[in-house]
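Residues per chain, in single letters:
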Amino acid sequence: MENNVILETEGLCKYWGGLKALDDLSLAFHDNQLHGIVGPNGAGKSTLLNMLCGHYKPTSGKILHRGESISSIKPYEFARRGIGRSFQKTNIYSNSTCLENCSVAVQRLMGGSFNFFRSRYSQKMLDEIATQALEKVGLGQRRDHIASQISYGEQRQLEIAMVLATSPEVLLLDEPMAGMGHEESQLIIDLLSRLKKEYCIVLVEHDMDAIFELSDQLTVMVDGQHLVTGSVDEVRDDPRVKEAYLGQGDEVY
Amino acid sequence: MLLNKRAERLFVWIFFPLALLMPMFLEQNEYYVNKLTTIMILSIFVMSLDYLVGKCGLITLGHAMFYGLGGYIFVMIAPEYEAVNFWIYTFYICAISATVAFVIGFLVLRTNGIYMIMITLAFAQMTFYYFSDSIDFGGTDGVFVYVKPETSIFGLSLFDLDNPTHFYYLCLLSLFNTLLFFKVLIRSRFGRLVDAIHANPGRTVALGYNIFIYRLVSYVVASALGAYAGYLFTLQYGFVNPSMLSWTTSGTALVMSILGGMGSIYGAILGTLVYEGLHYSLEHLTEHWLLFMGGLIILMVMVFKKGIAGFLEDLLEKRDGK
Ligand SMILES: Nc1ncnc2c1ncn2[C@@H]1O[C@H](COP(=O)(O)OP(=O)(O)OP(=O)(O)O)[C@@H](O)[C@H]1O
Ligand SMILES: [Mg+2]
């Protein structure tokens, strides 16, 4: 098959006390594809991403990486396997420069993190790879700016640059366009349409136009339940989806 | 650059030359030489704590445990009536306390915030009561050190530890090396991780780092240096007793670190100097010195929100800005 399955979930469940945030979810994510996830607020989209990256442990069910169950490995080992993620709420090193933000990511691959004596500023290679990650998302000119002082949209781009700097294979992106203006969103859309040729991307996003434009596969979730998965056209015309969204009433605008 | 703040450079360039010349000004006035020696030993201790609390964000109330262990390990392993080699025992003491820190850190670093404060305190208190109640180690009286170590290295003996001025210089050298060590460490690749973990642990895990290991290494290093300070203290006064392990020792060090400017490293020296300076002057003025001291500390912490170091940095930057 042309598109290999990289990441898979089997009967994945997450309960918060009595609340079923995620109930019996089985999905497959393919290489060089963008898999969109949509659903109303509280559908369990972030919960899913948080489990795919190892941040939460599943209540039951399995996560498979290239066929191997990884449900019980440590959170940091997910990133080492090439599963990188960005966060719904901007999560960066706000008091460091953009370059430094990416350098932390690159250093894991370059090694030397237990070196007490060698200056962190002494390796050109590391700087170059970090700079490339910034350039990839269009933040090249912001290299030496402090992360807290760039615009909100740029911080979202930096999020993605940091993930890219870890040389991942899977990108888990949680609402990268949240709170962005139209032009900034367009930048991210262009970026993602380029990136999806190289990576396996799981994208959670409320912006329907963006998700319809980008997704190769699309999953709709409601209240922790899987509703439908298919191509954009299949999902758009599915009567259950229309019902679910209309049935939500004022929660979806 | 290693010293990246103006205030820091200024301080280092004033403090160390002055400290180098100090014994000449004091004209062998032993009392003051000893006082300053103690301040430098305490500065090493406070600096290692400042690294943990201010740089790594690991808030411990049990650092005195290692300070005390530095002394107790020495009296445990050194023969009573024989001069051992100072450098070799420095190595032993650092290695043993590092091993202890490794084991304790394994448990302590699984917790954080208030729980970590409680557990570090609990370990320190256990050690405190163990030595207070132990007959072998003289209970609350502690143990005397009858013979001070000799300091020969490759047949060259630089310091005579019975001579207060020599001991002063040994402690000054130790303090300088500790400062240098931490500055190099913080600038290193390892330091990058220390900064990242402190600023945003969750993000650092998401980037694929096992942050536990980095914290453990920091904890071990800082504890070994804390023990080294305790070893020096024991050698200076010729005894070790449980008060070195007491939680007030940890608390006082924490106050000194906050006063100096948490995480600034060189601020540990400033904090210790100011605290001990106040202590000394007030003690001679009034018998209610503790009351005034408390008030003054509260006032200073309120005025200097980022400690004395932070205040100096802001001052110099503002002046530059205009
Ligand atoms: N740590 C937690 N503890 C308890 N309940 C949680 C936790 N995290 C999420 N939940 C609950 O799980 C459900 C799913 O939340 P989740 O954040 O996954 O939704 P979402 O689809 O990402 O929504 P949104 O579109 O608002 O981001 C919600 O009802 C939420 O309140
Ligand atoms: Mg969400």
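Structure report, in brief. In this text the structure is predicted, and so the values were computed from the model without any measurement. (Residues numbered from 1 in each chain as written. Chains lettered and ligands numbered in written order. Predicted model: local features only at pLDDT ≥ 70, side-chain atom pairs only at ≥ 80, totals over all residues. Heavy atoms only, no water.)

1. Observations concerning the pattern of salt bridges
Consideration 1: This structure, assessed with the given rule, holds 15 salt bridges over all chains.
Consideration 2: With a shortest N-O distance of 3.3 Å, Arg-120 of chain A and Glu-100 of chain A are connected by a salt bridge. Of this pair, Arg-120 of chain A sits in the loop between helix 3 (98-110) and helix 4 (124-136) while Glu-100 of chain A sits in helix 3, placing them 20 residues apart in sequence. For the pair Arg-120 of chain A and Glu-100 of chain A, one class covers both residues: buried.
Consideration 3: For Arg-120 of chain A, the salt bridge is made with Asp-195 of chain B, and the minimal N-O distance between the two is 2.6 Å. Of the two residues, Arg-120 of chain A sits in the loop between helix 3 and helix 4 while Asp-195 of chain B sits in helix 7 (residues 189-199), which places them in two different chains.
Consideration 4: Judged by relative accessible area, Asp-195 of chain B falls into the partly exposed class, the value being 24%.
Consideration 5: In the salt-bridge network here, residues are joined through shared partners; they are Glu-100 and Arg-120 of chain A together with Lys-55, Arg-192 and Asp-195 of chain B. (Salt bridge = Lys/Arg side-chain N within 4 Å of Asp/Glu carboxyl O. Helix = DSSP H or I, 4+ residues; strand = E, 2+ residues; numbered from the N terminus. Buried < 20%, exposed > 50% of the residue type's maximum accessible area, 1.4 Å probe, protein only.)

2. Here's the deal with the sheet that holds strand 10 (residues 225-230) of chain A
For sheets, the rule is that strands pair by backbone hydrogen bonds, running either parallel or antiparallel.
Residues and elements named next belong to chain A.
Consideration 1: Read from one edge to the other, the open sheet built from 6 strands follows the order 6-7-8-3-9-10, with strand pairing classed as mixed. Taken across any chain shown, the strands that pair with only one partner, and hence form the sheet edges, are strand 6 (83-86) and strand 10. Going across the sheet, the axis of each strand differs from the next one's by a mean of 15°, ignoring polarity.
Consideration 2: Pairing of strand 6 with strand 7 (residues 170-174), which is carried by 4 bridges, proceeds in the parallel orientation. (Pairing = 2+ DSSP bridges. Axes fitted to C-alpha atoms, helices over the stretch in contact; angles between N-to-C directions.)

3. A few points about the site of ligand 1
Residue and element names in this part refer to chain A.
Consideration 1: Around ligand 1 there are 14 residues in total, and Asn-41, Lys-45, Ser-46, Thr-47 and His-206 lie nearest to it.
Consideration 2: The separation between an oxygen atom of ligand 1 and a polar side-chain atom of Asn-41 is 2.9 Å.
Consideration 3: The contact in question runs from an oxygen atom of ligand 1 to an N or O atom on the backbone of Ala-43, over 3.2 Å.
Consideration 4: Protein contact buries 65% of the 640 Å² of open area that ligand 1 shows by itself.
Consideration 5: Top element by residues in the shell around ligand 1 is helix 1 (residues 45-52). It accounts for 3 residues.
Consideration 6: Class assignment of the residues belonging to the shell around ligand 1 gives a composition of 5 nonpolar, 7 polar and 2 charged. (Near = heavy atom within 4 Å. Polar contact = N/O pair within 3.5 Å; in protein donor to acceptor, adjacent residues only side chain to side chain. Areas by Shrake-Rupley, 256 points an atom, 1.4 Å probe, with all protein chains shown as cover. Nonpolar A, V, L, I, M, F, W, Y, C, P; charged D, E, K, R; others polar.)

4. Examining the pairing of strand 9 (residues 217-222) of chain A
Residues and elements named next belong to chain A.
Consideration 1: Taken across its 6 residues, strand 9 has 5 buried, putting it largely inside the fold.
Consideration 2: Sheet analysis places strand 3 (residues 34-38) next to strand 9, joined by 4 bridges and oriented parallel. Considered in strand 9, the bridge of Gly-36 is made with Leu-218.
Consideration 3: The sheet contact formed by strand 9 and strand 10 spans 5 bridges and is antiparallel.

5. A closer look at the sheet that holds strand 5 (residues 68-69) of chain A
Residue and element names in this part refer to chain A.
Consideration 1: On the basis of which strands lie adjacent, the open sheet formed by 4 strands has the order 2-1-4-5 and antiparallel pairing. The strands lining the two open edges of the sheet, one partner per strand, are strand 2 (19-30) and strand 5.
Consideration 2: The pairing of strand 1 (residues 5-16) with strand 2 spans 8 bridges and is classified as antiparallel. In the sheet register, Tyr-15 faces strand 2, and the bridge partner there is Lys-20.
Consideration 3: Its contacts with the sheet place helix 1 against strand 1, strand 2 and strand 4 (60-65), and it is angled at close to 120° to strand 1. (Contact = heavy atoms within 4.5 Å.)

6. Topic: the coordination of the magnesium ion (ligand 2)
Residues and elements named next belong to chain A.
Consideration 1: Bound to the magnesium ion (ligand 2) are the protein donor atoms Ser-46 (OG) and Gln-88 (OE1), situated 1.9 to 2.3 Å from the metal. With Ser-46 in helix 1 and Gln-88 in the loop between strand 6 and helix 3, the pair connects residues that are 42 residues apart, well separated along the chain.
Consideration 2: Residue class for Gln-88 comes out partly exposed when judged on its relative accessible area of 35%. (Donors = N, O, S within 2.8 Å, 3.2 Å for Na, K, Ca; no water.)

7. A word on the packing of aromatic side chains
Consideration 1: As enumerated under the stated definition, the model contains 41 aromatic pairs over all chains in all.
Consideration 2: Seen from their ring centres, Tyr-209 of chain B and Tyr-214 of chain B are 6.0 Å apart, and the 80° between their planes marks the pair as edge-to-face.
Consideration 3: On the basis of relative accessible area, Tyr-209 of chain B is assigned to the buried category, the value being 1%.
Consideration 4: Taking 4.9 Å as the distance between ring centres and 45° as the angle between the ring planes, the aromatic pair formed by Phe-233 of chain B and Tyr-237 of chain B counts as tilted. One end of the pair, Phe-233 of chain B, and the other, Tyr-237 of chain B, are both in helix 9 (residues 211-237), 4 residues apart, so they sit about a helical turn from each other.
Consideration 5: Above the plane of the ring of Trp-16 of chain A lies Lys-14 of chain A, whose end atom (NZ or CZ) is 4.9 Å from the centre.
Consideration 6: Taking the ring centre of Phe-87 of chain A as reference, the NZ or CZ of Arg-85 of chain A above it sits at 4.1 Å. (Phe/Tyr/Trp six-rings, centres within 6.5 Å; stacked < 30°, edge-to-face > 60°. Lys NZ or Arg CZ within 6 Å of the ring centre and 35° of its normal.)

8. Section: helix 10 (residues 247-260) of chain B
Residues and elements named next belong to chain B.
Consideration 1: An ideal rise of 1.5 Å per residue puts 20 Å on 14 residues; helix 10 measures up with 20 Å between its terminal C-alpha atoms.
Consideration 2: Turning to helix 10, its buried residues are Thr-249, Ser-250, Gly-251, Ala-253, Leu-254, Met-256, Ser-257, Leu-259 and Gly-260.
Consideration 3: Gly-261, located one to two residues past helix 10, shows a positive phi value of around 120°. (Expected span 1.5 Å × (residues − 1).)

9. Side note on the interface of chain A and chain B
Many descriptions give the size of an interface as the accessible area lost when the pieces come together.
Consideration 1: Between chain A and chain B, the residue contacts involve 33 residues of the former and 27 residues of the latter.
Consideration 2: Of the roughly 2700 Å² buried where chain A meets chain B, counting both sides, 56% is carbon and sulfur surface.
Consideration 3: Looking at the side of chain A facing chain B, the largest losses of area belong to Tyr-93, Phe-116 and Arg-120 of chain A, adding up to 28% of the total buried there.
Consideration 4: Seen at the junction of chain A and chain B, the total is 3 salt bridges.
Consideration 5: At the junction of chain A with chain B, the criterion picks out 25 residue pairs in polar contact (both at pLDDT 80 or more).
Consideration 6: Among the secondary structure elements, those contributing two or more residues to the side of chain A that touches chain B are helix 2 (75-80), strand 6, helix 3 and helix 5 (152-165) of chain A.
Consideration 7: Of the residues forming the side of chain A that touches chain B, the biggest block, 6 residues, is contributed by helix 3 of chain A.
Consideration 8: Taken together, the residues that form the side of chain A that touches chain B break down as 15 nonpolar, 11 polar and 7 charged. (Buried area = accessible area lost by both parts, 1.4 Å probe.)

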